[in-house]
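Read off the chains here:
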Amino acid sequence: MKRIAIQGIAGSFHEDAARKYFEDDVEVVECKTFTTVCEMIDADKVDFAVMAIENSIAGSLLNNYQLIRDFHLRIIGEIYLHIQMNLLVNEGVTSADIQHIHSHPIALQQCMEFIESYYPNAKLHEKLDTAASAKLVAEEKMINAAAIGNLRSGELYGLKTLETGIETNKKNYTRFLILSKHGNPTKGTNKASVCFEVGHFYGSLARVLNTFAENQINLTKIQSVPIIGKPNEYTFHVDIEWENGENYDRAIHQVLKSASSLSILGEYKRGEIQNQ
Ligand SMILES: O=C(O)C(=O)Cc1ccccc1
């Protein structure tokens, strides 16, 4: 059984992602913050970590890009999770009773249309994760509150589901990265996450991107992350995919000539976005 660090507690979407990626062969190690997650890997207290990196609505989690670099972590895989939100309450609580709604800020944001339509006066409480909100509502036996989370957190903490599928965007996906301290070479990789810096002159970023294009490397994401302490300077994080590994090797060698501080954060198999 693999020990997996996650931010949040059992029942969270991070646990769902870990279970899906490792086919249930997991023991989750609950961490309060993403920094603690990284410290756990660094101290060899867990085998891997699962970390959200981007979300259809909220976008990229920039701080997590920074942490991956600061802790020199390796990206060994990715998984996309279709996120469905549900309104969870204690037994006997009806919609007329709900005056407070607890959840992770992203979950609250993703359900805002539902909240504004049905509970415009409810007080919203941001919590560290969706499962922690379900646990709190259950443990405190709240009779005027609901949590927003996945169905499993409701089952785990003994809440009933008052409404299912309350998220605004039904094609709501979160991409999670699988991280380890050491990246062992894997066969059949077709995707990489790399980061680099470029000089302040015209065409410097375009030159790097053209090199990928000329080598038939498909760019699936580009994200600039501000360099702390250097105003107007950025690290560019790109995700790239290929059909032919030789093209990738050649592209990286060529990019080394025009980019500085190039770092390959990991080579792995691309995750599938399943339509559910
Ligand atoms: O709070 C959780 O359950 C998490 O794992 C974080 C999260 C929150 C909302 C969407 C995706 C991930």
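What you see is a predicted model; the values in this text were computed from it and never measured.

## A word on the pairing of strand β3 (residues 48-55)
Stage number 1. Of all 8 residues in β3, 8 are buried; the element is thus mostly enclosed.
Stage number 2. Looking at chain direction, strand β1 (residues 2-7) and β3 are connected through 2 bridges and run parallel. Looking at β3, one finds that Ala-5 is bridged to Ala-49.
Stage number 3. Across 6 bridges, the pairing between β3 and strand β11 (residues 173-180) is antiparallel. Across the sheet, Glu-54 pairs through a bridge with Arg-175, a residue of β11.
Stage number 4. As paired elements, β3 and strand β4 (residues 59-60) share 2 bridges and run antiparallel to each other. Bridged to Glu-54 within β4 is Ser-60.

## As for the domain arrangement of the protein chain
Stage number 1. Domain boundaries assigned for the protein chain yield domain 1 (2-82 + 172-180), domain 2 (86-163) and domain 3 (191-268).
Stage number 2. Relative placement of domain 1 and domain 2: their C-alpha centres are 24 Å apart.
Stage number 3. Facing the 13 residues of domain 1 at the interface are 15 residues of domain 2.
Stage number 4. Across the side of domain 1 that touches domain 2, the residue classes break down as 5 nonpolar, 6 polar and 2 charged.

## Some details on the packing of helix α8 (residues 204-214) against helix α9 (residues 245-258)
Stage number 1. Remark: α8 packs on α9, axes separated minimally by 9 Å, with the N-to-C direction vectors making an angle of 165 degrees. In this view, α8 runs roughly antiparallel relative to α9, as classed from their interaxial angle. Seen from above, α8 lies across α9 with right-handed handedness. Between α8 and α9, the contacting residues are Arg-207, Val-208, Thr-211 and Phe-212 on the first element and Ala-251, Gln-254, Val-255 and Ser-258 on the second.
Stage number 2. For the contact of α8 with α9, the class distribution of residues is 4 nonpolar, 3 polar and 1 charged.

## Overview of the environment of Phe-212
Stage number 1. One can find Phe-212 in helix α8.
Stage number 2. Note on Phe-212: 21 C-beta atoms within 10 Å, which makes it buried.
Stage number 3. Each C-alpha atom, one on Phe-212 and one on Tyr-248, is 8.2 Å from the other, the two residues being 36 residues apart in sequence.

## Brief notes about the UniProt feature "domain: ACT" (unreviewed entry) in the protein chain
Stage number 1. Under the present numbering, the feature "domain: ACT" (unreviewed entry) in UniProt falls on residues 193-269.
Stage number 2. The span residues 193-269 is 32% helical and 40% strand by assignment, and the distance between its end C-alpha atoms comes to 11 Å.

## Topic: the sheet that holds strand β15 (residues 260-268)
Stage number 1. Read across the open sheet, the 4 strands follow the order β13-β14-β12-β15; overall the sheet is antiparallel. Two strands close off the open sheet at either side, each with one partner strand: β13 (218-226) and β15. Averaged over all adjacent pairs, the angle separating strand axes in this sheet is 15 degrees, with direction ignored.
Stage number 2. Pairing between strand β12 (residues 191-197) and β15: 6 bridges, direction antiparallel. Opposite Val-194, over in β15, you have Ile-264 as the bridge partner.
Stage number 3. The sheet strands contacting helix α3 (residues 62-70) are β12, β13, β14 (234-241) and β15, and the helix crosses β13 at an angle near 90 degrees.

## Considering the site of the ligand
Stage number 1. As a structural note, the neighbourhood of the ligand is formed by 13 residues, with Ser-12, Phe-13, His-104, Asp-129 and Thr-130 the closest of them.
Stage number 2. Of all the secondary structure elements, the ones that give two or more residues to the shell around the ligand are α1 (13-21), α4 (105-110) and α6 (130-139).
Stage number 3. Viewed by domain, the shell around the ligand spans two of them, domain 1 (2-82 + 172-180) and domain 2 (86-163), each represented by three or more residues.

Analysis parameters
- Residues numbered from 1 in each chain as written.
- Predicted model: local features only at pLDDT ≥ 70, side-chain atom pairs only at ≥ 80, totals over all residues.
- Buried ≥ 20, exposed ≤ 12 C-beta atoms within 10 Å, placed from the backbone.
- Helix = DSSP H or I, 4+ residues; strand = E, 2+ residues; numbered from the N terminus.
- Pairing = 2+ DSSP bridges.
- Domains from an automatic or database assignment.
- Contact = placed C-beta atoms within 7 Å.
- Nonpolar A, V, L, I, M, F, W, Y, C, P; charged D, E, K, R; others polar.
- Axes fitted to C-alpha atoms, helices over the stretch in contact; angles between N-to-C directions.
- Parallel < 35°, antiparallel > 145°, perpendicular 65-115°, else oblique.
- Left-handed = near helix turned anticlockwise from the far one by under 90°.
- UniProt positions renumbered as here; feature names shortened; annotations may be inferred.
- Near = placed C-beta within 6 Å.

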